[in-house]
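# Chains, contacts and geometry: an overview
Each chain, written out:
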Amino acid sequence: MKRIAITGIGIVSPIGNNASQFEASLRLGRSGVKENRWHDTEGFASNQLGKIEGFEVPAGIGSRARKHYSSVDLYALVAAQEAVDSARLPANSVVRAGTGVVLGSGGAVADTEAYVTRAIRHEPRRPSRLLTTNPDNAGNVVAAYFGFQGPRSSIMTACSSGATALGYAADFIREGYADVMLAGGVEAASYVTLSGFNALGALSPTLSRPFDLNRDGIVLGEAAAVLVLEDMDYALRRKAPILAEFVSYGLTSDANHITAPHPEGDGMARAMDMALRKGSVQPEQIRYINAHGTGTQLNDKSETAAVKRVFGEKPDGLCMSTIKPMIGHTLSAAGAIEAAATVLSLQGQFAPPTLNYQTPDPECDLDYVPNRARNHAMEYAMSNSLAFGGNNTSLIFRRYEG
């Protein structure tokens, strides 16, 4: 089986608009979640949001793109540019022909609702055309901008979209469809999405506090994360900077409920077990798990149960944390930005903290790295994503030592 290298990372997030800022925030335990000043939250359970701020479109992205691309497209394009630059990917015809793009995205909901609102109000300066809500558009924009002519695909499996995109990208390389793939996920906050989660009763009226006894729901966020995956031999030949190795992934469905995970974590346990088997990795070799960790009562309980099924009741040396209290739940981007955090953790040998953790829950009794990052030696790490519809994805990465 071909080995897969991770050679580049690009980030746009509430805690940093590049990978180095993002990593620094992970180490410091800095949260970008704050009062939502961008939407009318009167009557909502939550007025908190992980919003991207200080975002600037680089001068190289022309006026046409600024006029016609949605915020989702621009977030994806800027993250992709950083990923390509950090991977030192050359801009030649051979590379363009052998490079593909697969992104998880929910589409340009925020821009579309803004257009419709202005049109209803007959405001004169509304956009000249309706921006597409097609979830595939961000990937099209990235591929067209760089001229990448390899496989193009989009993933929409709700909150596991970005993680699944990475798995599919690795498959494209291993099956010989591409030498290089850009993969990740992107999400922009919208009033429609906030309203939907509020109607579900899923929003936290206080703080995102995953695995805490008093956890009471989700805080939403937005982000983009793009990783560059390459055939390891190809990366070594071109002397690319190798950040980590993508080992394997597992993909399952709960076939249980449209929103709730399996109460005993059956689907997530099978996804982790599949990733371990396909990667020929033993459970005890995994030293860190970047958890899905939404902060809802059922999700955190079922995810803990799943980890215990695979790794044992008291797994020695294993810690697990979630970055959602820092950035919010970024939906289609979540699996990708959490995978990026996992790669940076492996490279830097540290475990990011689970913020806002105060009161232990007897049913969630693993090591969740409460409130402060810690140095943590590890060769293998896992990143887990659960999603509406029972879509589960588990990714395994390995530290690279050339």
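Owing to the predicted nature of the structure, the values given are computational and were not obtained by experimental measurement.

Each value, and the rule that gives it
- Residues numbered from 1 in each chain as written.
- Predicted model: local features only at pLDDT ≥ 70, side-chain atom pairs only at ≥ 80, totals over all residues.
- Heavy atoms only, no water.
- Salt bridge = Lys/Arg side-chain N within 4 Å of Asp/Glu carboxyl O.
- Helix = DSSP H or I, 4+ residues; strand = E, 2+ residues; numbered from the N terminus.
- Buried < 20%, exposed > 50% of the residue type's maximum accessible area, 1.4 Å probe, protein only.
- Pairing = 2+ DSSP bridges.
- Axes fitted to C-alpha atoms, helices over the stretch in contact; angles between N-to-C directions.
- Contact = heavy atoms within 4.5 Å.
- Expected span 1.5 Å × (residues − 1).

### Focus: the pattern of salt bridges
Inspection of every chain in the model, using the stated rule, returns 21 salt bridges. The partner of Glu 53 in a salt bridge is Lys 34, and the shortest N-O contact between them spans 2.8 Å. Of the two residues, Glu 53 sits in the loop between β3 (48–50) and α2 (63–68) while Lys 34 sits in strand β2 (residues 33–35), which places them 19 residues apart along the sequence. What makes Lys 34 partly exposed here is its relative accessible area of 32%. If you follow the salt bridges from partner to partner, you end up with Lys 308, Glu 313, Lys 314 and Asp 365 in one network.

### Some remarks on the sheet that holds strand β13 (residues 380–387)
Here 10 strands make up an open sheet; going across it, the order is β5-β4-β6-β7-β1-β8-β14-β13-β9-β10 and the pairing mixed. Looking at the sheet topology across the chains shown, the edges are occupied by β5 (152–155) and β10 (319–321). Averaged over all pairs of adjacent strands, the angle between their axes in this sheet comes to 25 degrees, without regard to strand direction. Note: strand β9 (residues 286–290) against β13, four bridges, orientation parallel. Bridge pairing in β13 places Ile 286 opposite Tyr 380. Its contacts with the sheet put helix α6 (residues 137–146) on β4 (99–105), β5 and β6 (180–187), and the angle it makes with β4 is roughly 155 degrees. Docked against the sheet, helix α10 (residues 266–279) engages β8 (244–253), β9, β13 and β14 (391–399), running at close to 140 degrees with respect to β8.

### Structural notes on α10
The terminal C-alpha atoms of α10, which comprises 14 residues, lie 20 Å apart, in line with the 20 Å expected from a rise of 1.5 Å per residue. When α10 is considered as a whole, its buried residues turn out to be Gly 267, Met 268, Ala 269, Ala 271, Met 272, Ala 275, Leu 276 and Gly 279. Of the surrounding secondary structure, the elements contacted by the buried residues of α10 are β8, β9, α11 (297–311), β13 and β14. Of the residues one or two after α10, Ser 280 is the one with positive phi, at around 55 degrees.

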